[in-house]
Amino acid sequence: MKIFSVQDNLKKIAGKKVLLRLDLNVPQAKGKITNEYKLRCALPTIKLLRSLGCSVIIITHLAEPKLPLSKPEQKSFSVEPLAKWLAKKLNISIKVLGMNWSAINLAVKKMSDSEVVMFENIRLFKGEIDNSEVLARQLASLAQVYINDAFAVSHRSHTSVDAIKKYLPSFAGPLLSVEVNNLEKARTGKKPFVLIMGGAKLSTKLPLLKKLAPSASVVLTGGGIANTIFKATGLEIGKSLFDKEGAAVYSRAKLANVIAPIDVAVLANNKRLEKNLKDIKPSDNILDIGPKTIKLYAKYIAKAKTVIWNGPMGLFEKKAFAKGNQQIAALVSKATKNKSFTLIGGGETVAALSTKNKFSWISTGGGASLAYLEGKSLPGLSKLIRF
């Protein structure tokens, strides 16, 4: 898929006032950012635009606030922590524009070349999730150019991703362009092709599974998805997390090359206990894949030329049940070193990775990556045109 990017039009964008849509929706705990990956990915684009003398108005969403909100409630959804993080890394000041349109217009009018400001959480504005033409015109009045570098929300028909493009010359940002190129490379990659699927809900990932399973040499499963497959095939899973809807649909899907774990790790007396599937009791809670499964999966990953991995293998947040995820990550990293093309996607998958593991591409997109790999049309990718 060819999209016209910022890189194709640097001279035409130079010195312009730019609306830059990013996805800086990062997890926070007690006001502190707990995963900086999306923020770090945004830095090169901001630096590039500043080097071109562009005035940059960053737009991002944060979480899913349910409108209307009181002012105290709005504060808990503010992008202030994100602006502070970016300002520190870029060694500049970044003002958050607030919610008053008169003040926003005045602040933007006074912007100097290479200055960066940040719009308040765009989902706090009425009309964003409704793809509002009114909000789109308001946003467009602030700038001369629109750049979408937020691949992770490009599957959403939201104002700052979709409707805005009717009113400004629109381009793909560098990160979005690289995302598309790498997802396309994975989708059309060399065989043997191994698809690794974990996470909680099989029903949300079943369309991707149906789409890619026929072309995959094998599909390796873990996490809640594996539990759901166990349930669908009549195995005991005890108190384990599973997807009731996904189990019903999977029973009818009849996918031949899907492999489920052959052993698992359960919680017993507050410790990890590894068990064969036939030994699972009604009181057990499956929280990870077991060593026999890891050994089996290693054989497939070692032979792979292309690997797509979406979703963790277990409850990686608990040290005792992070083993499966850690070892699969090490195996996929080794495949990368051996010249396989490896693509990692999904917020939880990325959060579970160690910095010592290396992959061909770590996607910033969760649902957007799934949608693209399924072959769906993404609203945020359409109409990205030249001047």
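Residues numbered from 1 in each chain as written. Predicted model: local features only at pLDDT ≥ 70, side-chain atom pairs only at ≥ 80, totals over all residues. Heavy atoms only, no water.

A few words on the pairing of strand E13 (residues 271–276). Taken together, the six bridges between strand E12 (residues 263–268) and E13 define a ladder with antiparallel strand orientation. Residue Ala265 lies in a different strand from E13, and its bridge partner there is Glu274. Connecting E12 to the next strand, E13, in antiparallel fashion are two residues, including Asn269 with a positive phi near 50°. (Pairing = 2+ DSSP bridges. Helix = DSSP H or I, 4+ residues; strand = E, 2+ residues; numbered from the N terminus.)

This paragraph deals with the packing of aromatic side chains. Using the criterion set out here, one finds three aromatic pairs in the structure. Each ring, one from Trp101 and one from Phe119, has its centre 5.6 Å from the other, and the planes form 55°; the classification is tilted. Taken as a pair, Trp101 in helix H5 (residues 101–109) and Phe119 in the loop between strand E6 (116–118) and helix H6 (133–140) lie far apart in primary sequence, 18 residues in all. For the residue pair Trp101 and Phe119, the accessibility class agrees, reading buried in each case. A network of ring pairs unites the aromatic residues Trp101, Phe119 and Phe125 as a single cluster. It is Lys231 that lies over the ring of Phe242; its NZ or CZ is 5.2 Å from the centre. (Phe/Tyr/Trp six-rings, centres within 6.5 Å; stacked < 30°, edge-to-face > 60°. Buried < 20%, exposed > 50% of the residue type's maximum accessible area, 1.4 Å probe, protein only. Lys NZ or Arg CZ within 6 Å of the ring centre and 35° of its normal.)

The next point concerns the nonpolar core. Counting residues in hydrophobic clusters, the biggest one holds 47 residues, and the most contacted among them are Phe151, Leu176, Leu195, Leu209, Val219 and Ile308. Of all the secondary structure elements, the ones that give two or more residues to this core are helix H2 (37–51), helix H7 (174–187), strand E9 (193–197), helix H8 (202–212), helix H9 (223–232), E12, strand E16 (341–345) and helix H14 (367–373). Non-local contacts of Leu209, meaning those with residues more than four positions away in its chain, are made with Leu195, Met197, Leu202, Pro214, Val219, Tyr250, Leu255 and Val258. Core analysis: the next-biggest nonpolar cluster, separate from the first, contains 32 residues, Val79, Leu90, Ile94 and Ile147 among them. (Core = buried A, V, L, I, M, F, W, Y, C linked by side-chain atoms within 4.5 Å. Contact = heavy atoms within 4.5 Å.)

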